[in-house]
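Structural description and commentary
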Amino acid sequence: HEADAYRTDLMTITRFVLNEQSKYPESRGDFSILLSHIVLGCKFVCTAVNKAGLAKLIGLAGETNVQGEEQKKLDVLSNEVFVKALVSSGRTCILVSEEDEEATFVAPSKRGRYCVVFDPLDGSSNIDCGVSIGTIFGIYMVKDDHEPTLDDVLQPGKNMLAAGYCMYGSSCTLVLSTGEGVNGFTLDPSLGEFILTHPNIKIPKKGKIYSVNEGNAKNWDGPTAKYVEKCKFPNDGSSPKSLRYIGSMVADVHRTLLYGGIFLYPADKKSPNGKLRVLYEVFPMSFLMEQAGGQAFTGKQRALDLIPEKIHERSPIFLGSYDDVEEIKALYGAES
Ligand code: AHG
Ligand code: MN
Ligand code: MN
Ligand code: MN
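Just so it is clear, the structure is predicted and the values come from calculations on it, not from any experiment.

**A short note on the sheet that holds strand 4 (residues 104-105)**
The strand order across the open sheet built from eight strands is 4-3-5-6-7-8-9-10, with neighbouring strands paired in mixed fashion. Whereas interior strands pair on both sides, the edge strands pair on one side only; in this sheet they are strand 4 and strand 10 (193-198). Across four bridges, the pairing between strand 8 (residues 172-177) and strand 9 (residues 183-188) is antiparallel. Across the sheet, residue Leu174 finds its bridge partner in strand 9, namely Phe185. Contacting strand 3 (92-97), strand 5 (111-122), strand 6 (133-141), strand 7 (162-168), strand 8, strand 9 and strand 10, helix 2 (residues 30-51) runs over the sheet at an angle of about 20° to strand 5. In the packing of helix 3 (residues 73-88) onto the sheet, contacts are made with strand 3, strand 5, strand 6 and strand 7, and the angle to strand 5 comes to roughly 165°.

Printed below as a string of structure tokens:
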């Protein structure tokens with residue numbers, strides 16, 4: 001029995017992805033190189049987040065983004081780190097970030113075949129109080145070889161090659177899917193490597209937790225209000241669900257993935273398309289949920305079937321345990 005502290009068969013995220021890529025003989029390792037640059041960005045943001053209070057990274061940057069949100073210093077810093085890391089990888093051609101109004105088209109000399117959509121820092125409202133925050137990303141392949149256009153990123157989520165998030169919490173955890181299941185890696189700071197700690201994550205078929213901002217209840221539509229009522233006052237004799245809401249999508253989704261249950265950011269009268277952005281919040285999390293055996297629904301359709309028309313488009317989202325989402329779909333009259 002090997003002493004765990006010094007296991008010699010360390011499965012790092014780099015080795016893991018290389019193993020997966022070896023199944024595609026034609027792959028030239030481009031994806032592994034792209035991923036290694038995303039991982040670099042996550043490591044950098046992890047240290048910046050951990051030092052935020054000390055490095056005077058708390059507070060506002062004095063700018064607002066296209067979302068009309070006041071940008072935090074860490075929002076801006078994280079965004080710059082990821083844009084620079086992704087461009088320098090030489091494997092990307094279009095980048096879409098929550099913090100940049102326009103998409104970034106990489107210069108031909110540095111151009112690759114991947115389009116990356118990302119939320120460099122998710123849960124910004126939680127930075128100053130030290131609650132978990134994260135980075136979310138999704139990866140598309142350009143549609144074909146001619147000049148890249150926005151159409152290459154306005155693809156349905158089901159066309160993503162890979163999606164993942166990194167959560168900066170009590171530990172730094174990177175959860176990734178390249179279309180063959182979901183795996184979780186934890187940063188070992190002494191090695192500076194992400195080590196496989198959660199192989200083949202599967203979400204429980206049904207959960208006991210619902211996760212929503214109840215403060216919006218006044219403006220919910222009928223089916224959402226009815227569903228939340230059922231969570232609190234079940235009429236089938238089952239016990240009420242617990243409410244857990246952190247306000248960082250990455251943290252709420254990570255808990256849902258591991259413990260089961262449902263996360264919802266519904267439409268409401270004030271925001272008919274909800275709040276969460278399709279490309280870099282809804283799609284990556286929906287991709288992961290489906291890969292883990294769960295599902296993701298917009299109130300009208302399967303989330304991954306949505307075809308966005310604008311890069312910062314929003315959509316309502318109900319995602320999590322398979323059976324729990326089925327209940328919502330029934331209330332919205334969607335066929336299961
Ligand atoms: P971001 O910090 O990247 O702008 O995202 C914040 C999002 C998401 O993380 C979270 O689920 C949601 O905002 C919380 O919104 P409310 O505060 O309206 O509940
Ligand atoms: Mn924001
Ligand atoms: Mn976000
Ligand atoms: Mn953000």
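**Digging into the site of ligand 1**
Of all residues adjacent to ligand 1, which total 18 residues, the nearest are Asp122, Gly123, Ser124, Tyr245 and Tyr265. One of the backbone nitrogen or oxygen atoms of Leu121 is found 3.2 Å away from an oxygen atom of ligand 1. With respect to ligand 1, the side chain of Lys275 contributes an N or O atom lying 2.9 Å from an oxygen atom. Relative to its free-state accessible area of 470 Å², ligand 1 is covered by the protein chains to the extent of 87%. More than half of the atoms belonging to ligand 1 lie within 2 Å of the grid points that define the largest pocket.

Conventions we followed
- Sequence order as written defines residue numbering, which begins from 1 separately in each chain.
- The order in which chains are written sets their letters, starting at A; the order in which ligands are written sets their numbers, starting at 1.
- A pLDDT threshold of at least 70 governs which residues receive local features in this predicted model, and a stricter bar of 80 or more applies before side-chain atom pairs are shown or counted, although totals over entire chains, interfaces and linings include all residues.
- Only hydrogens and water are set aside; all other atoms, that is, all heavy atoms of the structure, feed into the side-chain values.
- Being paired, for any two strands, means DSSP has found at least two bridges between them.
- The helix and strand labels rest on DSSP assignments: H or I over at least four residues marks a helix, E over at least two residues marks a strand, and numbering proceeds from the N terminus.
- When checking whether two residues touch, look at their non-hydrogen atoms; a contact exists if any pair is within 4.5 Å.
- Each axis is a line fitted through C-alpha atoms, and for a helix only the stretch in contact is used; angles between axes span 0 to 180 degrees, taken between their N-to-C directions.
- Residues are counted as near a molecule or strand when any one of their heavy atoms sits within 4 Å of it.
- Nitrogen and oxygen atoms within 3.5 Å of one another constitute a polar contact, given that in protein one can donate a hydrogen and the other can accept it, and given that sequence-neighbouring residues count only through two side-chain atoms.
- Residue burial considers only the protein chains on display, and all accessible areas are found by Shrake-Rupley using a 1.4 Å probe.
- Cavities and pockets were defined on a 1 Å grid built from protein atoms only: a cavity is a group of points that admits a 1.4 Å probe but offers it no way out, a pocket is an open group of points flanked by protein on both sides within 12 Å along at least five of seven lines, and a lining residue is one with an atom within 4 Å of any such point.
- In this scheme, a molecule is assigned to a cavity or pocket if more than half of its atoms are within 2 Å of the grid points.

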